[in-house]
Amino acid sequence: MRLNTQDYLSLACELAVRGHGLVEPNPMVGCVIVDLAGNIVGTGFHKKVGEAHAEINALHEAGSLARGATAYVTLEPCNHVGRTGPCAQALLDAGIAKVVVGHRDPNPEAAGGGTFLAKHGVEVVFEENDQCRNILAPFLHRVQTSLPWVVCKWAQTSDGYIETPEGESPWISGKESLQLVHEKRGCVDAIILGVGTVVADNPSLTVRNAISHRTPLRVVVDPTLRIPLDATVLDGEVPTLIAHGKDAKPLELENRAISFLELPEINGALDLHPLMKHLVEEYDATNVIVEGGKTTFEHVFNQNLADELWIFTSPRTIGDANLANMSSIFDSLNPSELEKVISGVDSVYRWSVKSNN
């Protein structure tokens, strides 16, 4: 059965996500080259920042079969010389007759590939495909807002509790979900949490027992600098940034892997917008995860910074009104479900909080 345009773009998207955690701050891009008979003659994706783009890899696989063929690309081919040459020129040189684009490139430095190709006789079609848009969302958001893509991640019971009763194990998710969390951490640039969670749980916030494509910066939001000096996040194993308020008493730390950022206040809480901009400007961040607790989540939501939710939901229930519950907060966000997967006994949901692009 001959595939259609959306099928080829969907395949290009499947290829693109293989670069997650390796290509950022570049976009994840996939390319499929199809001859006149409908045969796929070349596929490629952007594998790592600084290396060949998706179109180049697909052209290399297609070879001479690219002449007269159609290229399906998740993002408009670049038209500038960066770490690599312009993909638009490479497609033209290979004899590609038609290019179908899943999303326009908003980056002024790289955009214009479609116009260039059309000017030189290549048929260019912009599909503005939703699947391509979803994959590119972090890149598009960063280009358009100078902010990273913010994912709020938590584990909860089926009745919305993110805490367990005193004396019980603090773990809500099963072992499969804990493994998945570490895999997700290994693809992002920073992990953010509040000092209350550091005091209560003393997490390490590192990637363990999983492939780490990136080493995420540990970020602690600590208005008064009450973080214990023996906290694991201060061990220097990976860099840690502590965001604090104006009148906080400085900590005497010799470890050079620890840095500090003073933030202004807004509505009685630290303003997290300068923190997010700092992560982009100083750490080249594209994707960050906020791991809580509840107060930190509330500040992120109140400041309209959340873009996506990852909720690891256990089948157990608690029903203790004295413990932290996310149900009412979740309902107030009015999110849209993006994906649901099963992880052991848990259900893992991805939700879109708002449309930023």
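Cut-offs applied
Residues numbered from 1 in each chain as written. Predicted model: local features only at pLDDT ≥ 70, side-chain atom pairs only at ≥ 80, totals over all residues. Heavy atoms only, no water. Phe/Tyr/Trp six-rings, centres within 6.5 Å; stacked < 30°, edge-to-face > 60°. Helix = DSSP H or I, 4+ residues; strand = E, 2+ residues; numbered from the N terminus. Buried < 20%, exposed > 50% of the residue type's maximum accessible area, 1.4 Å probe, protein only. Lys NZ or Arg CZ within 6 Å of the ring centre and 35° of its normal. Arc of directions from axis to C-beta. Contact = heavy atoms within 4.5 Å. Bend = angle between axes of the 7 residues up to and from the residue. 1 Å grid on protein atoms, 1.4 Å probe; cavity = no way out; pocket = protein on both sides within 12 Å on 5 of 7 lines; lining within 4 Å. Points joined across faces, edges and corners; volume = space filled by probe spheres on them. Nonpolar A, V, L, I, M, F, W, Y, C, P; charged D, E, K, R; others polar. Pairing = 2+ DSSP bridges. Axes fitted to C-alpha atoms, helices over the stretch in contact; angles between N-to-C directions. Polar contact = N/O pair within 3.5 Å; in protein donor to acceptor, adjacent residues only side chain to side chain. Salt bridge = Lys/Arg side-chain N within 4 Å of Asp/Glu carboxyl O.

J.: Would you mind showing me how to read the packing of aromatic side chains here?
T.: The description of an aromatic ring pair rests on the distance of the ring centres and on the angle between the ring planes. Counted according to the given criterion, the structure contains six aromatic pairs. Arranged with centres 6.5 Å apart and planes meeting at 70°, the rings of Trp-154 and Phe-301 form a pair that is edge-to-face. With Trp-154 in strand E6 (residues 149–156) and Phe-301 in helix H9 (residues 294–302), this residue pair connects regions lying 147 residues apart in the sequence. Considered together, Trp-154 and Phe-301 belong to a single accessibility category, that of buried residues. These aromatic residues form a ring-pair network of at least three members: Trp-154, Phe-297 and Phe-301. The ring centre of Phe-126 lies 3.7 Å from the NZ or CZ of Arg-104, which sits over that ring. Lying over the aromatic face of Trp-310, Lys-184 brings its terminal NZ or CZ to 5.0 Å of the ring centre.

J.: Can you help me understand H9 in this one?
T.: Note that an α-helix has 3.6 residues per turn; residues three or four places apart therefore point the same way. Taken together, the buried positions of H9 are occupied by Thr-296, Phe-297, Val-300 and Phe-301. One side of H9 carries all its buried residues, which in axial view fall inside an arc of 135°. Its buried side turned inward, H9 meets E6, strand E7 (190–194), strand E13 (287–292), strand E14 (308–313) and helix H10 (327–333). Positive backbone phi, at 60°, marks Asn-304, one or two positions downstream of H9.

J.: What am I meant to see in helix H5 (residues 130–145) here?
T.: The largest bend in H5 amounts to roughly 65° and is located at Leu-136, with the proline Pro-138 lying one to four residues further along. Considered for burial, the residues of H5 that qualify are Cys-132, Ile-135, Leu-136, Ala-137, Pro-138, Phe-139, Leu-140, His-141 and Arg-142. Taken together, the buried residues of H5 touch helix H1 (5–16), E6, helix H8 (273–283) and E13. Phi for Ser-146, located one or two positions after H5, is positive at around 65°.

J.: Sorry if this is basic, but what is going on with the layout of surface pockets here?
T.: Where empty space is left can be seen by rolling a probe of water-molecule size over the atoms. For the largest pocket, the calculated volume is near 1300 Å³. Around the largest pocket sit 46 residues that line it, and Thr-197, Asp-201, Glu-291, Gly-292 and Gly-293 are the ones nearest its centre. Among the secondary structure elements, those contributing two or more residues to the lining of the largest pocket are E6, helix H6 (175–185), E7, helix H7 (195–201), strand E12 (269–270), E13 and H9. A breakdown of the residues in the lining of the largest pocket according to their chemical character gives 21 nonpolar, 15 polar and 10 charged. In this structure, the second largest pocket spans a volume of roughly 730 Å³. Lining the second largest pocket we find 24 residues, and of these His-20, Lys-184, Glu-308, Glu-339 and Arg-350 sit closest to its centre. Taken together, the elements giving at least two residues each to the lining of the second largest pocket come down to H5, E6, H6, E13, E14, strand E15 (336–343) and strand E16 (346–352).

J.: In this structure, what is going on with the sheet that holds E13? I would like to understand it.
T.: Strand pairing in a sheet takes place through backbone hydrogen bonds and is either antiparallel or parallel in direction. Read from one edge to the other, the open sheet built from nine strands follows the order E10-E9-E8-E7-E13-E6-E14-E16-E15, with strand pairing classed as mixed. Every interior strand has two partners, whereas the edge strands, strand E10 (258–262) and E15, have only one. Shown here is a sheet whose adjacent strand axes are inclined to one another by a mean of 20°, direction ignored. As paired elements, E6 and E13 share four bridges and run parallel to each other. Bridge pairing in E13 places Val-151 opposite Ile-289.

J.: Got a minute to help me understand the side chain of Thr-70 in this structure?
T.: By secondary structure assignment, the location of Thr-70 is in strand E3 (residues 70–73). Among residues more than four places away in sequence, those in contact with Thr-70 are Val-32, Ile-33, Val-34, Lys-98 and Val-100.

J.: How do you make sense of the environment of Arg-185 when you look at a structure like this?
T.: With respect to the helices, strands and loops of the structure, Arg-185 is situated in helix H6. Sequence separation of Arg-185 and Ile-211 is 26 residues, and the distance between their C-alpha atoms is 9.5 Å. Setting aside residues up to four positions removed in sequence, Arg-185 forms contacts with Ile-191, Leu-205, Thr-206, Val-207, Arg-208, Pro-216, Ile-289 and Glu-291. A polar side-chain atom of Arg-185 sits 2.9 Å from a polar atom in the side chain of Glu-291.

J.: I'm lost on the side chain of His-278 in this one. Help?
T.: Checked against the element boundaries, His-278 lands in helix H8. Excluding residues that lie within four positions of it along the chain, His-278 makes contacts with Leu-241, Leu-261 and Tyr-283.

J.: Any chance you could explain unusual backbone geometry here in plain terms?
T.: The bulk of non-glycine residues show a negative phi, and the bulk of peptide bonds are trans. For the peptide bond that leads from Glu-24 to Pro-25, omega is 15°, which places it in the cis range. Along the chain, Pro-25 turns up in the loop between H1 and strand E1 (30–34). Phi angles above zero are rare outside glycine, and Leu-205 is one such case at about 55°.

J.: Where do I start with the pattern of salt bridges in this structure?
T.: Side chains carrying opposite charge are able to pair once their charged atoms draw close together. For the coordinates displayed, the defined rule picks out 10 salt bridges. Residues Glu-24 and Arg-214 are paired through a salt bridge, measuring 3.7 Å at the closest nitrogen-oxygen approach. With Glu-24 in the loop between H1 and E1 and Arg-214 in the loop between H7 and strand E8 (217–221), this pair connects stretches of sequence that are 190 residues apart. Considered together, Glu-24 and Arg-214 belong to a single accessibility category, that of buried residues. For Arg-214, the salt bridge goes to Asp-189, with nearest N and O atoms at 2.7 Å. Of this pair, Arg-214 sits in the loop between H7 and E8 while Asp-189 sits in the loop between H6 and E7, and the two are 25 residues apart along the sequence. Take Arg-214: its relative accessible area is 16%, and that puts it in the buried class.

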